[in-house]
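Working through the structure, step by step
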Amino acid sequence: MNTRLQVEHPVTEEITGVDLVEWQLRVASGEGLPKQQHELSINGHAFEARLYAEDVPKGFLPATGTLTHLKFPVGARSDTGVRSGDTISPFYDPMIAKITVHAATRSAALRMMSTALAKTEVAGSVTNLAFLGALTRHEGFAKGEVDTGLIERDLDALTYEPGPTLGDIGAAALCALDLLKRKGSGFTLWGGLNHFVTLTHGEESYDIVVTSYGADRHVIAVGRDKIEATCMNGQWSMGDDRGPRVAKAGNVITVFAQSGLEFHMADPLDRDTGVGAGAGVIEAPMPGLVKAVFAKAGQEVKQGDRLAILEAMKMEHSLVAARDGVVAEVLCSDGDQVEAGAPLVRLEEEDE
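The structure reproduced in this document is the subject of the present report. Model, not experiment: these values are computed from the prediction.

This next bit is on the side chain of H218. Looking at where H218 falls in the secondary structure, it is placed in strand 12 (residues 217–222). Take H218: its relative accessible area is 0%, and that puts it in the buried class. Engagement of the side chain of H218 in a polar contact is seen with the side chain of S212, the distance being 2.8 Å.

Time to look at the state of the cysteines. Going through the model one piece at a time under the given rule, you end up with zero disulfides. As a non-bridged cysteine, C231 has C175 as the owner of its nearest cysteine sulfur, 14 Å distant.

Moving on: the nonpolar core. With 32 residues, the main nonpolar core has F47, L67, L70, I96, I99, M113 and L117 as its most contacted residues. Breaking this core down by element, the ones donating at least two residues are strand 1 (45–52), strand 8 (95–103), helix 3 (106–118) and helix 4 (129–136). For this core, the leading source of residues is helix 3, giving six residues. In contact with F47, not counting residues within four places along its chain, are V11, I99, T100, V101, R106, A109, L110, M113 and F141.

When you line up the elements, N128 lands in the loop between strand 9 (121–123) and helix 4. Note on N128: relative accessible area 3%, which makes it buried. A polar atom in the side chain of N128 sits 2.8 Å from the backbone nitrogen of Y52.

The grouping of D305, D324, E349 and E350 at the surface amounts to a negative patch. By the element assignment, D324 lies in the loop between strand 23 (315–320) and strand 24 (325–330). On the basis of relative accessible area, D324 is assigned to the partly exposed category, the value being 43%.

This brings us to the pattern of salt bridges. Taken as a whole and judged by the stated rule, the model has 13 salt bridges. Note that R77 is salt-bridged to E13, the shortest N-O span being 2.8 Å. Note that R77 is positioned in strand 6 (residues 77–80) and E13 in helix 1 (residues 9–16), a separation of 64 residues in sequence. In this structure R77 comes out as partly exposed when scored by relative accessible area, which is 23%. Of the charged contacts, one joins E228 and R217 as a salt bridge, the two residues approaching to 2.6 Å between their closest N and O atoms.

For helix 8 (residues 166–176), a buried count of ten out of eleven residues is recorded, marking the element as mostly surrounded by other parts of the structure. G167, D168, I169, G170, A171, A172, A173, L174, C175 and A176 are the residues of helix 8 that are buried. Following helix 8 by one or two positions, D178 has its phi on the positive side, about 60°.

A separate point is the pairing of strand 20 (residues 288–293). Pairing of strand 20 with strand 25 (residues 337–338), which is carried by two bridges, proceeds in the antiparallel orientation. Pairing of G288 across the sheet is with V338, part of strand 25. Relative to strand 22 (residues 306–312), strand 20 runs antiparallel, the two being bridged by four bridges. Opposite L289, over in strand 22, you have E311 as the bridge partner.

Each value, and the rule that gives it
- Residues numbered from 1 in each chain as written.
- Predicted model: local features only at pLDDT ≥ 70, side-chain atom pairs only at ≥ 80, totals over all residues.
- Heavy atoms only, no water.
- Helix = DSSP H or I, 4+ residues; strand = E, 2+ residues; numbered from the N terminus.
- Buried < 20%, exposed > 50% of the residue type's maximum accessible area, 1.4 Å probe, protein only.
- Polar contact = N/O pair within 3.5 Å; in protein donor to acceptor, adjacent residues only side chain to side chain.
- Disulfide = S-S within 2.5 Å.
- Core = buried A, V, L, I, M, F, W, Y, C linked by side-chain atoms within 4.5 Å.
- Contact = heavy atoms within 4.5 Å.
- Patch = residues over 30% accessible without salt bridge, like charges linked within 9 Å, V, L, I, M, F, W, Y side chains within 5 Å.
- Areas by Shrake-Rupley, 256 points an atom, 1.4 Å probe, with all protein chains shown as cover.
- Salt bridge = Lys/Arg side-chain N within 4 Å of Asp/Glu carboxyl O.
- Lys, Arg positive; Asp, Glu negative; His and termini not counted.
- Charge placed at Lys NZ, Arg CZ, Asp CG, Glu CD.
- Pairing = 2+ DSSP bridges.

It is worth stressing that arrangement in space is one thing and function is another; only the former is reported here.
The structure is reproduced here in structure tokens:
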């Protein structure tokens, strides 16, 4: 017999109406099973999505981070052991929650899951939320044409990121400038008051000018493109569309559109010391333990040579040289615990 519940037990509970955890507790306390096999029935269809802190485009690598914002949708079952402010560490499984829906038919349940995922809000860590949402919209998956090769075949479509809209950028800018709180934005005698902010999203940088005409109306300019933001009865609109929800933690702003878009407020006094390093710096792709280091300063290496092994989430990952070169520095040692993005080995510049 199987003495433990499977991760997917919420699906069983939804289609049978049985609380399996309660049954376990009753049996453990000496009671008999509440029902016999002939008394059980299956009704409708259920889907469970496992929300993970993981980087899908990088091969579903586990991720970490502090959950600065976490909100689950009404109308779906959400099983979780974390809340806003908790940290996803490298020492345990990075699952954030299981989101489960139930409906009379498979197609109805799938639509409910798509809606539930679209309304799920997570900030502070990269997650597989966008991937899960794309899977619910996948034509083959919707038809039930599922096999073990589906994800690999259609990975490009399932991980496609359309990028932020003008409204998404505008909402991030208003949040960055604290203009969503309707506490006044200043004024000038002959027109609006200009505010300036620079935001980055991925490798893109946006220089934004927000012209305020009171606390409830702003015109946002991103280059030559403009959009008007207005607030009525506490609800912001971006042009003709309803404005997305946003959350701010430090210099990071998350816009809850397209499964979460992360913007960073640029510090004009900050200088990136890593510019120009390119493939010359081998970084940790995730938090983990440096299991072994094979590189030594002065060593000549070829593209693909293994330089170190990183252990994370019960797996070992080989870190290899991205190009031919000479090792300039080894920045880690066996047994070091490192964060994602930490430089481990640096190669000499190609023109040295």
